[in-house]
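Residue-level structure breakdown
Residues per chain, in single letters:
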There are 2 protein chains.
Amino acid sequence: MARTAGSHSDITGPRVRDAALRLFARGGYAAVSMRAIAAEVGVQAGALYNYTPDKQTLLFDLMEGHMTELLAAARDDPALDARERLHRFVAFHIRFHHARPDAVFIAYMELRNLTPENFARIEALRGAYEDGLEQILRDGVAAEAFRVEDTKIATLAIIAMLTGVNTWFRTGGRLSLEEVTAQYWEMVRRAVM
Amino acid sequence: MARTAGSHSDITGPRVRDAALRLFARGGYAAVSMRAIAAEVGVQAGALYNYTPDKQTLLFDLMEGHMTELLAAARDDPALDARERLHRFVAFHIRFHHARPDAVFIAYMELRNLTPENFARIEALRGAYEDGLEQILRDGVAAEAFRVEDTKIATLAIIAMLTGVNTWFRTGGRLSLEEVTAQYWEMVRRAVM
DNA sequence: GTCTATATAGTGATAGAC
DNA sequence: GTCTATCACTATATAGAC
């Protein structure tokens, strides 16, 4: 397949996003230059502006894409009993976050580098995700399956605990992700039941 | 007290650190210029270099100061029973971190902006703090007061959960810090007992 | 679509006057 | 100890050639 020199936009766009994701996660949004992203992709800095209007939008698109994907993947089935729904949430959260450490890192660390408008949009998505877990806890309390004094606090505590796995877990370590998940589930289960 | 114009080093040093702490927490190390710090203090940029050899050292000193203070304040009494030691740890961690949100934020967010040598020193301090909690859990397991499958995992889970309070708690909200602490203690207690 | 070149502004750090 | 002035770079973003 001959390719016109200087023309391969169909793949450059995703490569820009991939490079930005990796570099932002490693060095931080403010410390990573557009030139560095361009060098990672293998183009000159000016070429990036065919794919994003500016650096801020590039960051926002990465974060919004991650949060949207998270919300779409977090399927809950209210027909199941609350314990099973919570169990699935715990396993899903750990697995999903472990699979995309760079995006998770950026979604938590770069919030302050968003414009106020962009920040509000990301926070709304995060709030919607938290609402999903809180609904499980509320239903469990209503069914007298859980004992939780304040479902909002329990929601935030559980999510913080689970997301923390990403900061230390490495494949090939002492425990598998499945073993880690089982232990977190046991702690969560005891904390609310 | 007359003061020689252009000479008040006894207070400028702490003010440089305070300004850097506040600005780094708000905007991020990479995004905050030495000129911005100087403006906050009320001096010119060049004057900052009377108090720090460079920007990196300024960041490191803030983080090391915070971690050293944390370790010094986290007093444990092995003579007490494990449940009481854990209760005190939970209350201490939440209270200490709530009192210095900027330093806590920097200590978690700016690790990647440290040189490798400085990073290692901060991580060693963090590890020492975690060891304190893990020792409580181990002693509790040995005394059959706690049921914990893996004390290292439980340590990381508990610290992540407790530190998360800083991301959402605001004085004057629906609950007081004491009420929040009581609820977190209840969740931690159930998770390990 | 990508290049080179550039406009405009900001960066960390230093030198020397006072 | 702080100031002004400056060095040597780097930044984001754009213009116009190809």
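Residues numbered from 1 in each chain as written. Chains lettered and ligands numbered in written order. Predicted model: local features only at pLDDT ≥ 70, side-chain atom pairs only at ≥ 80, totals over all residues. Heavy atoms only, no water.

Superposing chain A onto chain B takes a rotation of 180° combined with a translation of 0.0 Å along the rotation axis, leaving an RMSD of 0.0 Å. Here the symmetry operator amounts to a two-fold rotation axis. (Least-squares fit on C-alpha atoms with pLDDT ≥ 70 in both.)

All told, the structure shown has 26 salt bridges over all chains when counted by the stated rule. For the salt bridge of Glu-64 of chain B with Arg-121 of chain B, the shortest nitrogen-to-oxygen distance reads 3.3 Å. Taken together, the positions of Glu-64 of chain B in helix α3 (residues 55–73) and Arg-121 of chain B in helix α6 (residues 116–142) put the pair 57 residues apart, joining distant regions of the chain. Taking the shortest distance from any N to any O, the salt bridge between Asp-139 of chain B and Arg-85 of chain B comes out at 3.0 Å. Taken together, the positions of Asp-139 of chain B in helix α6 and Arg-85 of chain B in helix α4 (residues 82–99) put the pair 54 residues apart, joining distant regions of the chain. Salt bridges sharing common partners tie together Asp-76, Arg-85 and Asp-139 of chain A. (Salt bridge = Lys/Arg side-chain N within 4 Å of Asp/Glu carboxyl O. Helix = DSSP H or I, 4+ residues; strand = E, 2+ residues; numbered from the N terminus.)

Once that is clear, we can look at the interface of chain A and chain B. Counting residues at the interface gives 35 residues for chain A and 35 residues for chain B. Summing both sides of the interface, chain A and chain B together bury roughly 2,800 Å²; the carbon and sulfur share of this comes to 58%. Counting across the interface, chain A meets chain B through four salt bridges. The partner of Arg-174 of chain B in a salt bridge is Asp-150 of chain A, with the nearest N and O atoms 2.6 Å apart. Run the count over chain A and chain B and you get 15 residue pairs in polar contact (both at pLDDT 80 or more). Of all the secondary structure elements, the ones that give two or more residues to the side of chain A that touches chain B are α1 (9–27), α5 (101–109), α7 (151–163) and α9 (177–192) of chain A. Taken together, the residues of the side of chain A that touches chain B break down into 21 nonpolar, five polar and nine charged. (Contact = heavy atoms within 4.5 Å. Buried area = accessible area lost by both parts, 1.4 Å probe. Polar contact = N/O pair within 3.5 Å; in protein donor to acceptor, adjacent residues only side chain to side chain. Nonpolar A, V, L, I, M, F, W, Y, C, P; charged D, E, K, R; others polar.)

In short, the description is geometric, and any link to function would need to be established separately.
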